[in-house]
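Geometric and topological summary
One-letter residues, chain by chain:
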Amino acid sequence: MYGTGLLKGMAITLKYFFSKKITVQYPEEMPQLQERFRGRLYIEFEKCIACGICTKTCPNDVLSLEDARDENTKKKKLISYTIDHQYCMFCNLCVENCPSHCLHFNHDFEMSKYNREDIKEVYHRPPEMDQVAPSAGTSDSGEANEPAPGLPEEALKKQKKIEALMTALDKNPVKVLSRYVENEEDAQILAGIIQADRSKAEKIVELMADDQDKARKVAVAFVNKEKKQRQSQGEGGEKHEHE
Ligand code: SF4
Ligand code: SF4
């Protein structure tokens, strides 16, 4: 019948018009990712046997490694492992073919960088791996804040920077935050927000260590949202008074 297609289209439009809005206010609000979402590829360095299957499997030459022969065991050992994320197409072939199950994708999708070279991650062999194998139960030294073995250099630097920023933020939040918002009043609002919600503090600090511009944008967005909320609460209060 003439116009059936149009009616069908209108019905779909109307259905979505009245259904619950699913727009996410990113970056203030993080999207809910599916369990199998493929974000950043990472390696469990200590589990890798340096077989090189992943480097041969990858269609885009994203992966490369450096190996050496272990004097004692005469087996190959991994010296360094490089992941050039910019060419990865998340096909999962490397993960599926790794015999040691040491390649995985995490949920980190915020991987943009200013420089191409910064996208590349290089993992170096941690010295602990060449020490005499500890007997069972002695590997846990119990020391806090020890960097995880196999973390790439860049990640270690970032981790230290984040810790330093978090300490500064805990000591004098308004002074630290005033660099990211327009004035001291906004810095005080933001300090209140992150004191009430530790996850927001962690997010801001991570951005401060990684991307100053983005940190500013998120800080301003947090403040503006808070101001709007206060304003609407104030208006609500006024209405009640008039009633
Ligand atoms: S997911 Fe695919 S493109 Fe990315 S590193 Fe693995 S094999 Fe290469
Ligand atoms: S396939 Fe797995 S075990 Fe082999 S080199 Fe690659 S990451 Fe290491």
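A few points on the structure.

1. Overview of the packing of aromatic side chains
- Overall, the coordinates contain four aromatic pairs when judged by the stated rule.
- With centroids separated by 5.1 Å and ring planes inclined at 85°, the aromatic side chains of F17 and F18 adopt a geometry described as edge-to-face. Neither F17 nor F18 differs from the other in exposure class; each is exposed.
- Ring geometry for F90 versus F105: centroids 6.0 Å apart, planes at 50°, classification tilted. Of the two residues, F90 sits in the loop between β3 (76-84) and α3 (93-97) while F105 sits in strand β4 (residues 103-105), which places them 15 residues apart along the sequence.
- Overall, F90 belongs to the partly exposed group, its relative accessible area being 32%.
- Within the aromatic cluster, the residues linked to one another by ring pairs are Y26, F37 and F109.
- In this structure, K200 packs its charged tip against the face of F222, placed 5.2 Å from the ring centre.

2. Considering the pattern of salt bridges
- Taken as a whole, this structure holds eleven salt bridges when the rule is applied.
- Between K47 and E44 there is a salt bridge whose closest N-O contact spans 3.3 Å.
- For D186, the salt bridge goes to K227, with nearest N and O atoms at 2.9 Å. Of this pair, D186 sits in helix α6 (residues 184-196) while K227 sits in helix α8 (residues 212-242), and the two are 41 residues apart along the sequence.

3. Section: the nonpolar core
- Among the nonpolar cores identified, the biggest contains 25 residues, and L177, L190, I204 and M208 are the most heavily contacted of them.
- Looking at this core, the elements that each hand over two or more residues are α4 (153-171), α5 (173-177), α6, α7 (198-210) and α8.
- Residues in contact with L177, not counting those within four places in the same chain, are L169, A187, L190, A191, I194, I204 and M208.
- Core analysis: the next-biggest nonpolar cluster, separate from the first, contains 19 residues, F45, L78, I83 and L103 among them.

What counts, and where the lines are drawn
Residues numbered from 1 in each chain as written. Chains lettered and ligands numbered in written order. Predicted model: local features only at pLDDT ≥ 70, side-chain atom pairs only at ≥ 80, totals over all residues. Heavy atoms only, no water. Phe/Tyr/Trp six-rings, centres within 6.5 Å; stacked < 30°, edge-to-face > 60°. Buried < 20%, exposed > 50% of the residue type's maximum accessible area, 1.4 Å probe, protein only. Helix = DSSP H or I, 4+ residues; strand = E, 2+ residues; numbered from the N terminus. Lys NZ or Arg CZ within 6 Å of the ring centre and 35° of its normal. Salt bridge = Lys/Arg side-chain N within 4 Å of Asp/Glu carboxyl O. Core = buried A, V, L, I, M, F, W, Y, C linked by side-chain atoms within 4.5 Å. Contact = heavy atoms within 4.5 Å.

The analysis is restricted to geometry; functional conclusions fall outside its scope.
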